[in-house]
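Summary of the model geometry
Take a look at the letters that make up each chain.
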Amino acid sequence: MTITSLNFFVFLGLTTIVYYLFPKKYRWISLLVFSLAFFSLASIEVAGYFVFGVATIYISSRLIGEKLTTQKAKKATIVIALAFNIAMLFLLKYINIIPNTINGFGELFNIDFHLGTINLIAPIGISYYTLSMISYLVDVYWTTIPAEKNFFKVMLFSCYYPCLISGPFIRYTQMKSEFFDNGDFEWDNIFKGFHRVVYGLLKKMVIADNLAIIVNAIFADTDVYSGPFIVIGVVFYALQIYCDFSGCMDIVIGASKLYGVKLPENFESPFFSKNLSEFWRRWHITLGSWGKDYIMYPLLKSEAFQKLNKKSKKKFGKKLGKKIPVFLAILILWVIIGIWHGASYKYIFAAGILPWIYLTSSELLEESFVKLRNKLKINVESKWFHIFQSLRTLFMMCIVWLFALAPSFTQSFALIADIFKFDPTVVDPFISEVIMGDHTLYAVLFKWAVIVVTMLGVAIVDYLKYNNVDVAEKFNSCNHIFRFALLIAMIGVTLMFGVYGPGFVPADFIYGGF
């Protein structure tokens, strides 16, 4: 059940009604039932993996928080529990990196090992619920939170169905009161949740899915569509992936709001970022925050990194030496993030190593950049310089996405080389087959005019948010007639220009595949 399907909205509507029919004390039980039903519809044949994972986390947390008295025993318990869950995630989602590595190594020496991929069925949302469960167990181990005594409350935290599709990553400290301290029914939650869902559908179905038609056509046949087509394709992909992923977040956050449950935000106007460091703080926020808190900072505090810190300071001096352990910890973090995105070296490089190169290079060259700006007497506070910084950041991210769009890591360099080729004879067929299809020129121009206006609307909303304007509150304080008219307009545009309809399978959200 995709979250742009009619089935999902019937499910959401019915469960919202049932939720508020439950006594407040037991509403969390209804959320658990809804989540298990949603999970079963998608992954009933592999539900055992999920139950096993929750059981190991629950038992381990109870042992660590209540039973075990020595640090050695607690450490052994958490290591075993984490090993089981990480191994299960790797086996079901990322095992193919092993045969791919062996086959790739063989190609270097003209040896064909003939190792095929392993096709295993993974439960829905395993990449998301596994990391959320890990955060819960680690927080118990760190005594940040007490171990939850109720197994079914841990299960609800693990499988809360809006988060199973594409996140966001949630933490028990954030969600405990949201799930179990339910307030009264409020029409405000219904209105705000519904508005957020409609806005997400607009971004997903009108912008992302229409852009996807062009992006898919270009990158499905880069032998034909080279040169400016690749440039257009990767820029459109940047807009597509943002509207796809942030649209998904709008839908799930809005759906959760209908129950009065607040989920953490996952985006904060990333395309207005001045540099890549800021971009990654604003893009997939919950993943970045999770990685820092549970991978990077523990590494830096570890005994091995403390020793490395001392040695590097002694060898390279205090200024550079203290950066080396940080750069290494960031590298490990980004490689893990790359693997999380997919069992392929193109993802390890595009979503891992390349961002690390960007960030560390920026840090190392920061003083030189400052001196150059001062020498050129650039006003760093001007709007024009901010625009330049944002475009520069987008350009560097497009290189990242170009590697991600390539069929494989080795083919990505050929794809970059194709940017400098161009066959003008394919322009007319591209326009007639991909852009026009069976539609008239007037219909196509009108559709794309609406899409462009919609994108401008999204850009304005993001710009206001970037400048700390609470757009949701501003909207809610507007005249009721204006709010109703805008809502009807968004629904109308989605129905008329969204990619959907009989016989159409809604495109999976991009991050749903990670």
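Residues numbered from 1 in each chain as written. Predicted model: local features only at pLDDT ≥ 70, side-chain atom pairs only at ≥ 80, totals over all residues. Heavy atoms only, no water.

Description of the overall build of the protein chain
Across its full length, the protein chain carries 23 helices and 0 strands. Taking the principal axes of its C-alpha atoms as reference, the protein chain extends roughly 75 × 65 × 55 Å. The buried share among the 514 residues of the protein chain stands at 47%. Partitioning the contacts of the protein chain with sequence separation of at least 6, the portion at a separation of at least 24 is 76%. (Helix = DSSP H or I, 4+ residues; strand = E, 2+ residues; numbered from the N terminus. Buried < 20%, exposed > 50% of the residue type's maximum accessible area, 1.4 Å probe, protein only. Contact = heavy atoms within 4.5 Å.)

Re the domain arrangement of the protein chain
Partitioning the protein chain into domains gives domain 1 (6–185) and domain 2 (270–405). Surface buried jointly by domain 1 and domain 2 totals about 1,500 Å² across both partners, of which 67% is contributed by carbon and sulfur atoms. Summed over the three residues of domain 1 that lose the most area to domain 2, namely Tyr-94, Phe-169 and Arg-171, the buried surface amounts to 41% of that side. Remark: the boundary between domain 1 and domain 2 carries 1 salt bridge. Summed over the shared surface of domain 1 and domain 2, the number is 7 residue pairs in polar contact (both at pLDDT 80 or more). In terms of residue count, helix H6 (residues 126–141) provides more of the side of domain 1 that touches domain 2 than any other element does, 7 residues in total. A class-by-class count of the residues in the side of domain 1 that touches domain 2 yields 9 nonpolar, 5 polar and 3 charged. (Domains from an automatic or database assignment. Buried area = accessible area lost by both parts, 1.4 Å probe. Salt bridge = Lys/Arg side-chain N within 4 Å of Asp/Glu carboxyl O. Polar contact = N/O pair within 3.5 Å; in protein donor to acceptor, adjacent residues only side chain to side chain. Nonpolar A, V, L, I, M, F, W, Y, C, P; charged D, E, K, R; others polar.)

Observations concerning the packing of helix H10 (residues 187–219) against helix H23 (residues 480–497)
Two elements in contact, H10 and H23, have axes whose closest approach is 9 Å; the angle formed by their N-to-C orientations is 35°. The two elements H10 and H23 cross, and the hand of that crossing is left-handed. Residue-level contacts link Phe-194, His-195, Val-198, Tyr-199, Leu-201, Leu-202, Met-205, Val-206 and Asn-210 of H10 to Arg-483, Leu-487, Met-490, Ile-491, Val-493, Thr-494 and Phe-497 of H23. When the residues that make up the contact of H10 with H23 are grouped by side-chain class, the tally is 12 nonpolar, 3 polar and 1 charged. (Axes fitted to C-alpha atoms, helices over the stretch in contact; angles between N-to-C directions. Left-handed = near helix turned anticlockwise from the far one by under 90°.)

Things to note about the packing of aromatic side chains
The full count for this structure, using the stated rule, is 58 aromatic pairs. For the ring pair Phe-409 and Phe-413, a centre distance of 5.4 Å and an interplane angle of 80° mean the geometry is edge-to-face. Separated by 4 residues within a single helix, Phe-409 and Phe-413 lie in helix H19 (residues 409–417), roughly one turn from each other. For Phe-409, a relative accessible area of 26% translates into the label partly exposed. On the basis of relative accessible area, Phe-413 is assigned to the partly exposed category, the value being 46%. One Lys or Arg, Lys-153, reaches over the ring of Trp-28 and ends 5.6 Å from the middle of that ring. (Phe/Tyr/Trp six-rings, centres within 6.5 Å; stacked < 30°, edge-to-face > 60°. Lys NZ or Arg CZ within 6 Å of the ring centre and 35° of its normal.)

Some words on helix H11 (residues 228–258)
For an α-helix, 3.6 residues make a turn, and residues three or four places apart therefore share a direction. The terminal C-alpha atoms of H11 lie 44 Å apart, and with 31 residues this matches the ideal 45 Å at 1.5 Å per residue to within 8%. Downstream of H11 by one or two residues, Gly-260 has phi in the positive range, about 80°. (Expected span 1.5 Å × (residues − 1).)

What to know about the environment of Pro-228
Secondary-structure assignment places Pro-228 in helix H11. Of the residues examined, Pro-228 reaches a relative accessible area of 37% and is grouped as partly exposed. With residues near it in sequence (within four places) discarded, Pro-228 still touches Lys-421 and Phe-422.

What to know about the environment of Phe-327
Along the polypeptide, Phe-327 turns up in helix H16 (residues 323–341). Judged by its relative accessible area of 14%, Phe-327 is buried. For the pair Phe-327 and Ile-98, spaced 229 residues apart in sequence, the C-alpha separation works out to 26 Å. Ignoring sequence-local partners within four residues, the contact set of Phe-327 consists of Trp-356, Thr-360, Glu-363 and Leu-364.

Topic: the confidence of the model for the protein chain
Per-residue pLDDT for the protein chain averages 90, and the proportion of residues at 70 or more is 97%. Across the protein chain, the element-wise mean pLDDT spans from 72 in helix H5 (residues 97–108) up to 97 in helix H7 (residues 151–159). Contacts of residues 501–507 to residues separated by more than four positions or lying in other chains number 5 contacts, the stretch itself having pLDDT below 50. (pLDDT = per-residue confidence, 0-100.)

Points about unusual backbone geometry
Between Gly-167 and Pro-168 the backbone carries a cis peptide bond, its omega angle lying at 5°. Note on placement: Pro-168 falls in the loop between helix H8 (162–166) and helix H9 (172–180). One non-glycine residue, Ser-269, lies in the positive phi region at around 50°. Turning to its location among the elements, Ser-269 is positioned in the loop between H11 and helix H12 (276–282). Given the relative accessible area of 2%, Ser-269 is considered buried. With phi around 55°, Lys-377 is a residue other than glycine that occupies positive phi space. You can see Lys-377 is positioned in the loop between helix H17 (345–375) and helix H18 (383–405).

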